[in-house]
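# Coordinate analysis (summary)
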Amino acid sequence: MRKNVFMLIILTLCLLFSGCSGEQTGKKGSEKNQNPENRIIIAVATYDRQDPEVRAFQNYYENYISECFPVDFLYPGSISSAEDEADFVDRVITAGAKGIISFITYDLESTLETCEKSGVYYMMGSGSIPKEDFEKVKTNPYFLGVIGPSEEMEQNAGADMTSFFMKKQAEADTPSGYLVLSGGTKYNNSMHTYRTEAMLETLGFSPAQAAVTEPAVLENENGKVCIIPGYPQEEAAVSALKEQLNTGEYSVILSCCTVVNLLDTIKEARETTGIDIQTGTVDCFTSENLDAVHDGLLQYVTGKYSSLLGPSFAVMYNAVTGHADLYRNEDGTAFSIAQGFWTADSPEAYEELYGLTTGIYVNAYNADDLSKVINEITPDADMEDLIHLAEAYSIEDVKARREN
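Residues numbered from 1 in each chain as written. Predicted model: local features only at pLDDT ≥ 70, side-chain atom pairs only at ≥ 80, totals over all residues. Heavy atoms only, no water.

This brings us to the overall build of the chain. Along the backbone of the chain there are 17 helices and 13 strands. Looking at the chain as a whole, 55% of its 404 residues qualify as buried. For the chain, the proportion of contacts with a sequence separation of at least 24, taken over those separated by at least 6, is 70%. As displayed, the chain has an accessible area near 17000 Å², and 47% of this comes from carbon and sulfur atoms. (Helix = DSSP H or I, 4+ residues; strand = E, 2+ residues; numbered from the N terminus. Buried < 20%, exposed > 50% of the residue type's maximum accessible area, 1.4 Å probe, protein only. Contact = heavy atoms within 4.5 Å. Areas by Shrake-Rupley, 256 points an atom, 1.4 Å probe, with all protein chains shown as cover.)

The subject of this paragraph is the environment of L389. Among the structural elements, L389 can be located in helix α16 (residues 383–391). Considered as a pair, L389 and L370 are 19 residues apart in the sequence and their alpha carbons are 8.3 Å apart. The residues contacting L389, other than those within four sequence positions of it, are P311, Y365, D369, L370, V373 and R401.

Time to look at the side chain of Q299. Assignment of secondary structure puts Q299 in the loop between α12 (287–294) and β11 (300–304). Residue Q299 is classed as buried on the basis of its relative accessible area, which comes to 16%. Side-chain polar atoms of Q299 contact the backbone nitrogen of T279, separated by 2.7 Å. Here the side chain of Q299 touches G296 through a polar contact of 2.7 Å, landing on its backbone oxygen. Look past the residues within four positions of Q299 in its chain and what remains in contact with it is F164, F165, K168, R270, I277, Q278, T279, A344, D345 and S346. (Polar contact = N/O pair within 3.5 Å; in protein donor to acceptor, adjacent residues only side chain to side chain.)

Moving on: the packing of aromatic side chains. Two numbers describe a pair of aromatic rings. These are the distance of the centres and the angle of the planes. Within this structure, the stated rule accounts for 20 aromatic pairs. Considering the side-chain rings of F313 and Y317, the 5.5 Å spacing of their centres and the 40° angle between planes classify their relative orientation as tilted. Of this pair, F313 and Y317 both sit in helix α13 (residues 310–323), four residues apart, roughly one helical turn. Through pairs of rings, three or more aromatic residues link up here, namely Y60, Y61, Y64, F69, F73, F313 and Y317. Over the ring of Y365 we find R401; its NZ or CZ atom is 4.5 Å from the centre of that ring. (Phe/Tyr/Trp six-rings, centres within 6.5 Å; stacked < 30°, edge-to-face > 60°. Lys NZ or Arg CZ within 6 Å of the ring centre and 35° of its normal.)

Take the pairing of strand β10 (residues 278–284) next. When you tally the buried positions in β10, you get seven out of seven residues, the bulk of the element. Note that strand β9 (residues 250–255) and β10 share four bridges and pair parallel. Pairing of S255 across the sheet is with T281, part of β10. Regarding topology, helix α11 (residues 263–273) serves as the crossover connection from β9 to the parallel β10, and that connection is right-handed. Where β10 lies against β11, five bridges are found, and the strand directions are parallel. The residue bridging D283 from the neighbouring strand is G303, located in β11. (Pairing = 2+ DSSP bridges. Right-handed = clockwise from strand over helix to strand, strands pointing away.)

So, about the pattern of salt bridges. Within the structure shown, the criterion is met by 10 salt bridges. The shortest N-O distance in the salt bridge between R55 and E288 comes to 2.4 Å. A residue pair is termed long-range when its members are at least 10 positions apart, and R55 in helix α4 (residues 52–68) and E288 in helix α12 qualify at 233 residues. Between R270 and D276 there is a salt bridge, with its nearest N and O atoms 2.7 Å apart. One continuous salt-bridge network, built from bridges that share partners, spans D369, R401 and R402. (Salt bridge = Lys/Arg side-chain N within 4 Å of Asp/Glu carboxyl O.)

What follows is about the confidence of the model for the chain. In this model, the chain carries a mean pLDDT of 89, and residues with pLDDT of at least 70 account for 90%. When the elements of the chain are averaged for pLDDT, helix α1 (residues 2–17) gives the smallest value, 40, and α13 the largest, 98. In this model, residues 1–18 is a region of pLDDT below 50 whose contacts with residues beyond four sequence positions or in other chains number 20 contacts. Below a pLDDT of 50 lies the segment residues 22–30, which in the model reaches 18 contacts outside its immediate sequence neighbourhood of four places, other chains included. (pLDDT = per-residue confidence, 0-100.)

Right, let's get into the sheet that holds strand β4 (residues 121–124). Strand order in this open sheet of six strands is β2-β1-β3-β4-β5-β12, and the pairing throughout is parallel. Each having just a single partner strand, β2 (71–74) and β12 (335–338) make up the two edges of the open sheet. Taken over all neighbouring pairs, the strand axes of this sheet differ in orientation by 20° on average, direction set aside. The sheet contact formed by β4 and strand β5 (residues 143–148) spans three bridges and is parallel. If you follow M123 over to β5, its bridge partner there is G145. Together, β1 (40–45), β2, β3 (99–102) and β4 form the strand contacts of helix α5 (residues 82–94), whose direction differs from that of β1 by roughly 170°. (Axes fitted to C-alpha atoms, helices over the stretch in contact; angles between N-to-C directions.)

Have a look at this one:
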């Protein structure tokens with residue numbers, strides 16, 4: 001009943017406030033801006049089109065941003081290798097994309113070489129780039145930069161989640177085994193690597209052990225730990241999780257990425273073993289995770305929310321409309337702006353945060369917020385304004401914007 005009432009509230013918000021809000025943003029819904037000839041194409045590079053986080057981001061861009069601004073987004077496929085990345089870039093440039101907002105890269109230097117030759121802007125829209133890779137490309141004029149969690153933020157996300165469950169385990173009368181799902185760490189996904197390394201270090205193990213490519217069992221005074229590598233949609237990862245859960249030796253799952261595809265496996269293991277398996281994930285505030293929280297399958301979520309991508313869109317839109325030079329560091333290099341996570345460790349906390357990200361008018365970053373840093377609308381907007389908006393991602397910041 002409670003779940004149904006909450007969803008009814010969210011639906012009502014969406015119906016009441018659908019579309020763009022405010023006087024400024026209303027201008028963008030004009031017939032001129034809806035004319036295909038006046039609309040700009042921006043491509044979005046993702047690691048998995050079916051990932052709930054990716055779908056949430058896509059929904060925000062296609063069903064909200066595209067309605068408020070003269071832009072169309074291309075999502076031509078998933079990228080899982082340098083070859084995929086090169087093919088993606090060639091295809092979207094041929095399709096007329098003026099910019100690329102990316103969530104994954106396997107060969108950043110080559111990608112940027114192609115973008116520069118074609119006059120196409122590129123940025124990491126919500127992710128991490130290793131410092132050494134960033135240094136190699138920061139002077140490329142078509143590389144705008146990175147908006148996303150810093151290496152430290154990624155590590156803290158993994159460490160804080162692990163500490164939360166370690167404290168609970170110390171108070172519980174259940175097996176103390178931990179299953180660490182390392183996701184794309186085996187494929188050099190830097191975000192997943194930072195999170196997994198921090199989980200292991202918090203549990204008292206060497207961060208270097210995160211790089212395993214096959215399931216690995218470790219043990220120390222904090223209990224038994226099994227690292228399961230691979231993305232959650234991979235059959236081998238699902239099979240390994242099921243096998244380890246059914247041993248009855250593990251009561252906590254710590255995942256560096258989404259567990260939505262694994263929820264049935266977790267539920268089945270709970271019923272089979274009689275163990276109240278607790279699960280935490282570094283993911284996104286999605287409806288799928290909301291259901292899992294209400295069903296008691298997910299106890300901790302730290303991660304991004306769909307409209308977190310608003311500032312990335314704004315700066316890319318500025319670049320492709322002729323204002324790229326305003327969004328460089330003072331020395332002319334690409335920017336790196338830190339933007340972190342929200343965390344919910346109870347159903348009540350998740351409901352509040354999910355509600356803020358789902359209601360159209362109360363989107364954490366709505367069209368009016370973005371208009372203040374888009375030069376076509378606010379001509380004197382600059383780098384300082386972008387940084388201020390992007391870094392104001394916390395729940396307190398969002399509430400303050402909505403109150404104003």
